[in-house]
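Tertiary structure, described
The residues making up each chain are set out below.
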Amino acid sequence: MKTIAHYLLLCAIAVVCVFPFWWTLVTALSTEGNIFAYPPTFWPKAPSLANFAEVFNTLPMWAFFRNSVFIAACTVFWKLLLCSAAAYPLARMQFKGRKLIFGLILATLVLPSEVNFLVNFITVTKLSLVDTYAGVILPNVVNAVAILLLKQAFEEIPQDLIDAARVDGASEWIIFSRIMLPLIAPWLATVGILTAVEAWNEYIWPSIVMSKPDEFPLSVGVLYLRGTFGSSTRVIAAGTVLTILPTLAAFLFTQRFFMRGMDGAVK
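Residues numbered from 1 in each chain as written. Predicted model: local features only at pLDDT ≥ 70, side-chain atom pairs only at ≥ 80, totals over all residues. Heavy atoms only, no water.

As for the packing of aromatic side chains
The full count for this structure, using the stated rule, is 11 aromatic pairs. Where Tyr 88 meets Phe 154, the ring centres are 5.5 Å apart and the plane angle is 75 degrees; that geometry is what we call edge-to-face. Taken together, the residues span a long stretch of sequence, with Tyr 88 in helix H3 (residues 61-92) and Phe 154 in helix H7 (residues 144-155) at a distance of 66 residues. Comparing Tyr 88 with Phe 154 shows no difference in burial state: the two are buried. An angle of 45 degrees between the planes, with centres 5.4 Å apart, marks the rings of Tyr 88 and Phe 176 as tilted. Placement of the pair is Tyr 88 in helix H3 and Phe 176 in helix H9 (residues 172-183), with a sequence separation of 88 residues. Owing to a relative accessible area of 3%, Tyr 88 belongs among the buried residues under this scheme. We classify Phe 176 as buried; its relative accessible area is 6%. (Phe/Tyr/Trp six-rings, centres within 6.5 Å; stacked < 30°, edge-to-face > 60°. Helix = DSSP H or I, 4+ residues; strand = E, 2+ residues; numbered from the N terminus. Buried < 20%, exposed > 50% of the residue type's maximum accessible area, 1.4 Å probe, protein only.)

Okay, structure coming up:
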């Protein structure tokens, strides 16, 4: 009975989590009926892909998609590189002020991300990076959560392995790049997946920095539907589904690495 109760609770949570996406998908596929009817409709009426076709006919979706892929890929690459390079000395090297530096990094977690917008925008403007992909990517390549996760991953590696590498004459860079990074691959995958989803869904910062429509990521460009089809909720829902599907598919294909990395982080 205890197991059955657990599964019932999990099923209830799953329904609550899945319902918004399912309702959006039903709305995008429907061509008839009142989408705001109560109780809501759980199956599309007169299903069709016409709403999706309308989205592609109205917006340069492939250009938006390409921009989002580029921004997400660059953000993931630089975040993994820089955050792992910051986490390794915090985890495995002894130097004066190490705990203070780590404490200051953790202190940034109490600040909402919106607090940084003004400072980041001034910095990006001074560097002449407005209306560039670098201006969108650079403020997001380092954060405290990624450093914390990777620091915990490095700390789980046995010290004897590092000592043996040093005895064999390996430099710190060799230990970091050829020994430590391969051993924390699941954690790197976890940080990479979280970063990719975050970069893909980012809306506020790209909309501040970018002003050229042909360079917008998908999360920003798809909101043009709100003005073009202000009264067509079905077309807006179709654009929303197209924005969600890539991240959903990516997570489904990489959830094995994600779960392994999360297990290690919990340990």
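Digging into the pattern of salt bridges
All told, the structure shown has 3 salt bridges when counted by the stated rule. For Glu 172, the salt bridge is made with Arg 166, and the minimal N-O distance between the two is 2.9 Å. With a relative accessible area of 30%, Glu 172 lands in the partly exposed category. Residue class for Arg 166 comes out partly exposed when judged on its relative accessible area of 33%. (Salt bridge = Lys/Arg side-chain N within 4 Å of Asp/Glu carboxyl O.)

As for a nonpolar patch on the surface
Taken together, the side chains of Phe 121, Val 130, Tyr 203, Ile 204, Ile 208 and Leu 223 define a hydrophobic patch exposed on the protein surface, amounting to about 430 Å² of accessible area. Looking at the secondary structure, you find Ile 208 in helix H11 (residues 204-209). (Patch = residues over 30% accessible without salt bridge, like charges linked within 9 Å, V, L, I, M, F, W, Y side chains within 5 Å. Areas by Shrake-Rupley, 256 points an atom, 1.4 Å probe, with all protein chains shown as cover.)

Section: the packing of H3 against helix H10 (residues 185-201)
Look at H3 against H10: their axes get within 9 Å of each other, and the N-to-C directions meet at 145 degrees. Handedness of the H3/H10 crossing: right-handed. Residues Phe 65, Ser 68, Val 69, Ala 72, Thr 75, Val 76, Lys 79 and Leu 80 of H3 touch H10, and the partners they reach there are Leu 188, Val 191, Gly 192, Thr 195, Ala 196, Glu 198, Ala 199 and Trp 200. Looking at the contact of H3 with H10 residue by residue, the class counts come to 10 nonpolar, 4 polar and 2 charged. (Axes fitted to C-alpha atoms, helices over the stretch in contact; angles between N-to-C directions. Left-handed = near helix turned anticlockwise from the far one by under 90°. Contact = heavy atoms within 4.5 Å. Nonpolar A, V, L, I, M, F, W, Y, C, P; charged D, E, K, R; others polar.)

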